[in-house]
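# Observations on the model geometry
Residues per chain are reported as follows:
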Amino acid sequence: MKPVIACRKGIIASFLLGAALILAADASGQDPATVSTSETIAMIGTGNVGETLGKLWAAAGHTIIYGSRTPDNEQVRALVEETGHGATAATQAEAAARADIVVIPIPPGAIPEVIAALGDLQGKIVIDPTNFVGFEDGFTTSPRDPRLSLARQVQDLAPGATVVKALNTLNYTIMEDPSRAGGPVTVPIAGDDPAAKARVARLVDDLGLEPLDVGPLAAAQYLEEMLRLYVGFRTINPGIAFEYYLRIRPN
Ligand SMILES: NC(=O)c1ccc[n+]([C@@H]2O[C@H](COP(=O)([O-])OP(=O)(O)OC[C@H]3O[C@@H](n4cnc5c(N)ncnc54)[C@H](OP(=O)(O)O)[C@@H]3O)[C@@H](O)[C@H]2O)c1
């Protein structure tokens, strides 16, 4: 039997029971988790993460529409040019309307404003890579309410969308060049919809990173804590960092 998520570098396991459904071969006899499809992706945000993912996914054959507050400015035009492969830029709402997958690499504080600006997200997959990192006395701090992840906030603001938490646990420079990690890098993926997670996993695989299904959207809270550990470790150990490489096992 094939694993839920297949990737170039190895076999990724999943402990999510629901995800087992996609183990079944589709009508064509192919495992849907391994079929490569070209996605239309709205990249909402043209900063470090948006730019990096936009360029890489465009080069991998996906259609990128940058959704920017300033789609006509010089910097965004230059980004569209550098991205190539038919990439375009539009307002946040236009980009989201034209895409099936909406990625929101934006500051966490901008989530309410941006989700409102995106308009109707019914039926779309929203990939949430956002993080909150607070600092106190040199240590990273967590939000007051541990149950309220940023991904949960996004889902509550866009109830018709399928939110998947992913790509928040690594720096954009590792997304850009995973070989800098010196070994495989895991990208944990959390969400309530196995089919949506499988599509996100294929996009992660396209980056040369290892997708790992870590369960329902409730697990996003832990993914956001993982980032605080990632940043906190670097902060108290100047000059060194780590990357996540995880394997799920029965407990
Ligand atoms: N930096 C990393 O290595 C990394 C890695 C993983 C996850 N993350 C997370 O991903 C998110 C984006 O990180 P980033 O480093 O790409 O940030 P960034 O360079 O500051 O870019 C954020 C982008 O969000 C857009 N945006 C929309 N509304 C905004 C607002 N009200 N204020 C400011 N920008 C707004 C902007 O694009 P327009 O001007 O075109 O609208 C901006 O370029 C953050 O939540 C971060 O924690 C970062």
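These remarks concern the structure in this document. Keep in mind that what you see is a predicted model, and the values were worked out from it rather than measured.

Cut-off values and rules
- Residues numbered from 1 in each chain as written.
- Predicted model: local features only at pLDDT ≥ 70, side-chain atom pairs only at ≥ 80, totals over all residues.
- Heavy atoms only, no water.
- Helix = DSSP H or I, 4+ residues; strand = E, 2+ residues; numbered from the N terminus.
- Buried < 20%, exposed > 50% of the residue type's maximum accessible area, 1.4 Å probe, protein only.
- Contact = heavy atoms within 4.5 Å.
- Polar contact = N/O pair within 3.5 Å; in protein donor to acceptor, adjacent residues only side chain to side chain.
- Salt bridge = Lys/Arg side-chain N within 4 Å of Asp/Glu carboxyl O.
- Pairing = 2+ DSSP bridges.
- Axes fitted to C-alpha atoms, helices over the stretch in contact; angles between N-to-C directions.
- Phe/Tyr/Trp six-rings, centres within 6.5 Å; stacked < 30°, edge-to-face > 60°.
- Lys NZ or Arg CZ within 6 Å of the ring centre and 35° of its normal.
- Arc of directions from axis to C-beta.
- Expected span 1.5 Å × (residues − 1).
- Near = heavy atom within 4 Å.
- Areas by Shrake-Rupley, 256 points an atom, 1.4 Å probe, with all protein chains shown as cover.
- Nonpolar A, V, L, I, M, F, W, Y, C, P; charged D, E, K, R; others polar.

### A few points about the overall build of the chain
- Looking only at helices and strands, the chain has eight helices and twelve strands in total.
- With 251 residues in all, the chain has 46% of them scored as buried.
- Sequence separation of at least 24 residues holds for 68% of the intrachain contacts in the chain that already meet a minimum separation of 6.

### A word on the side chain of T186
- Tracing the sequence through the fold places T186 in strand β11 (residues 186-191).
- A polar side-chain atom of T186 sits 2.7 Å from the main-chain amide nitrogen of L246.
- Not counting residues up to four positions away in its chain, the partners in contact with T186 are T169, E210, L212, Y244, Y245 and L246.

### Re the pattern of salt bridges
- The tally for this structure, following the rule as stated, stands at eight salt bridges.
- Here E39 makes a salt bridge to R199, at a shortest N to O gap of 2.8 Å. Of the two residues, E39 sits in the loop between β2 (10-12) and β3 (40-44) while R199 sits in helix α7 (residues 194-206), which places them 160 residues apart along the sequence.
- Residue R199 is classed as partly exposed on the basis of its relative accessible area of 27%.
- Residue E224 pairs with K165 through a salt bridge whose shortest N-O separation is 2.7 Å. In this pair, E224 sits in helix α8 (residues 220-236) while K165 sits in strand β10 (residues 162-165), placing the two residues 59 residues apart along the sequence. For the pair E224 and K165, one class covers both residues: buried.

### Concerning the sheet that holds β10
- Reading across from one edge, β5-β4-β3-β6-β7-β10-β11-β12 is the order of the eight strands in this open sheet, with mixed pairing throughout. Sheet topology places β5 (88-91) and β12 (210-213) at the edges, where each strand pairs with a single neighbour. The mean inter-strand angle of the sheet, taken between neighbouring strand axes irrespective of direction, is 30°.
- The sheet contact formed by strand β6 (residues 101-103) and strand β7 (residues 125-128) spans three bridges and is parallel. Each bridged residue has a counterpart across the sheet, and for V103 the counterpart in β7 is I127.
- Relative to the sheet, helix α2 (residues 74-83) contacts β4 (63-68) and β5, its axis offset from that of β4 by approximately 170°.
- Where α7 meets the sheet, its contacts fall on β3, β6, β7, β10, β11 and β12, and the angle it forms with β11 comes to roughly 160°.

### Section: the pairing of β3
- By the criterion of burial, β3 is predominantly enclosed, with four of the five residues buried.
- Strand direction decides the pairing type here: β3 and β4, joined by five bridges, are parallel. Bridged to T40 within β4 is T63.
- The pairing of β3 with β6 spans three bridges and is classified as parallel. Bridge pairing in β6 links M43 to V103.

### Considerations on the packing of aromatic side chains
- One pass over the structure, following the stated rule, counts four aromatic pairs.
- A ring pair is formed by F242 and Y244, whose centres lie 5.0 Å apart and whose planes are at 85°; its orientation type is edge-to-face.
- A cation over an aromatic ring shows up here: R247 above the ring of Y245, its NZ or CZ 4.8 Å from the ring centre.

### A short note on helix α4 (residues 111-118)
- Buried within α4 are the following residues: I111, V114, I115 and L118. End-on, the buried residues of α4 take up no more than an arc of 100°, which puts them together on one face. Across from the buried face of α4, at angles greater than 90 degrees, the exposed residues are E113 and A116.
- Residues of α4 that are buried make contact with β3, α3 (92-98), β6 and α5 (150-157).

### Looking at helix α1 (residues 48-59)
- With twelve residues, α1 extends 17 Å from end C-alpha to end C-alpha; this agrees with the ideal 16 Å at 1.5 Å per step.
- What α1 keeps buried is the set G50, T52, L53, G54, W57 and A58.
- Its buried side turned inward, α1 meets β3, β4, α2, β6, α6 (172-176) and α7.
- One or two steps after α1, the chain reaches G61, where phi turns positive at roughly 105°.

### Brief notes about the site of the ligand
- Among the 23 residues in the neighbourhood of the ligand, the closest are listed as T46, V49, S68, I106 and Y172.
- One nitrogen or oxygen atom from the main chain of I106 is found 2.7 Å from an oxygen atom belonging to the ligand.
- Notes on the ligand: free accessible area 880 Å², of which the protein chains cover 77%.
- Secondary-structure elements contributing two or more residues to the shell around the ligand are α1, α4 and α6.
- Per-class residue counts for the shell around the ligand are twelve nonpolar, nine polar and two charged.

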